[in-house]
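Observations on the three-dimensional arrangement
Read off the chains here:
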Amino acid sequence: SGINAEWLLRPGVNYQKKFDERVRTITPKLGCLVRASTEVIKSEKLKELLTIILAFGNYFNYGKRGNALGFKMETLTKLKDTKAADNKTTLIMYIVQTLEVMFTDVENFIDEIPSVQQAAKIALTELKSDVAELQSGYRLLKKEVEHMAKNPQLKGAPNFVQIFNGFLKGIDATMDEVEQLMNEMKKKYTLATSHFAEPSSSEPEQFFGYFNTFITQYMDGKEELARRREEEERKRKKELQRELISPPMSRPHSPSFYPGATTSSQPQTTASSTCTSPLPELLDLPSADVLDLQDHELMVDGLLGLDAAERSAISSGGSMKRRRKKREASSNLSKIDRER
């Protein structure tokens, strides 16, 4: 054979140098897809959440399409587009509120599917290509080592065997693990897609992307509701504070009714430092009916700025008026008697 071992040395060395890096890149992605596929199948909270969403859909479409037994996973990405009459509250916000109030045990459904968000970033086609390249390189290098071992007369053959024989033996177990993990991923991913009635040819970016988009919108809706509640609480506190510091309602009045009040033609002579307000505080006055019943005797102390003598004279005015009425009534009776 005209094969020169030295010609194969450089490709073999390149494969050897990149092997560990490729394995570190491939195996976490395979493991993530296995976990994510298992999580979406086994999660009871996710199952209950999807049941609630289906119930909402049947309620909104009542009388139009009948009761649906399921829905396409793509629907999860469109819940944000359904809005209430205020054009602000979305269906996703209503779902958040419903879980917070009625299904608190389902509210933390995300905890049961922690690998989904990372799985949605994996390109399966590219991952399969990387695994295939790793496996084909391994098989090719192993075949070349075996050939060189059988033909030690070839130039550089003993050196080639010495370099790569130990390397291949060291990665045998790793390659078995990669192959087993790849097969498990294919099996679990196929089960997951069929479980949700999606084609197995769907890319994880699409399939798990449905869940990831819903999770993102759910968290956004939760944050928006929290923001609105905080804003409402701030408004409520401001309104309460405004009510506490606002002065009591006062009756309209004319300055000329009060002692010490001034008009434009009568300047204020009292020092401004002696009072906090230009007018005295208003008092609650009784109604006209009460005034009539009291024979107009009510005089609010200080209202007219009367001194003690004037208040004393006024306080006896009611009794004087009654005595005057009695005298008039007695005089009228005497006059009638005389006429008779």
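Look up a bit, the structure's there.
What counts as what
Residues numbered from 1 in each chain as written. Predicted model: local features only at pLDDT ≥ 70, side-chain atom pairs only at ≥ 80, totals over all residues. Heavy atoms only, no water. Buried < 20%, exposed > 50% of the residue type's maximum accessible area, 1.4 Å probe, protein only. Helix = DSSP H or I, 4+ residues; strand = E, 2+ residues; numbered from the N terminus. Contact = heavy atoms within 4.5 Å. Axes fitted to C-alpha atoms, helices over the stretch in contact; angles between N-to-C directions. Parallel < 35°, antiparallel > 145°, perpendicular 65-115°, else oblique. Left-handed = near helix turned anticlockwise from the far one by under 90°. Core = buried A, V, L, I, M, F, W, Y, C linked by side-chain atoms within 4.5 Å.

**Looking at helix H3 (residues 91–101)**
Residues of H3 that are buried include every one of Leu91, Ile92, Met93, Ile95, Val96, Thr98 and Leu99, and no others. Lining the buried residues of H3 we find helix H2 (44–60) and helix H7 (204–245).

**Considerations on the environment of Val106**
Along the chain, the position of Val106 falls in the loop between H3 and helix H4 (116–119). Overall, the relative accessible area of 0% leaves Val106 in the buried class. Between the C-alpha atoms of Val106 and Leu46, which are 60 residues apart in sequence, the distance is 7.6 Å. Setting aside its immediate chain neighbours within four residues, Val106 contacts Lys45, Glu48, Leu49 and Leu99.

**Regarding the packing of H2 against H3**
Running from N to C, H2 and H3 point in directions that differ by 125 degrees, and their axes come no closer than 12 Å. Here H2 is positioned oblique relative to H3, judged by the angle of their axes. By crossing handedness, the relation of H2 to H3 is classed as right-handed. For the pair H2 and H3, contact is made by Leu49, Ile52, Ile53, Phe56 and Phe60 and by Leu91, Tyr94, Ile95, Thr98 and Leu99, respectively.

**Thoughts on the nonpolar core**
Of all hydrophobic cores here, the largest spans 64 residues; its most connected members are Tyr15, Val40, Phe208, Phe211 and Phe214. Those elements giving two or more residues to this core turn out to be helix H1 (5–42), H2, H3, H4, helix H5 (124–150), helix H6 (157–195) and H7. Looking at which element gives the most residues to this core, the answer is H6, with 13 residues. Not counting residues within four places of it along the chain, the set of residues in contact with Tyr15 comprises Arg22, Leu134, Gly137, Tyr138, Leu141, Phe167, Ile171 and Met175.

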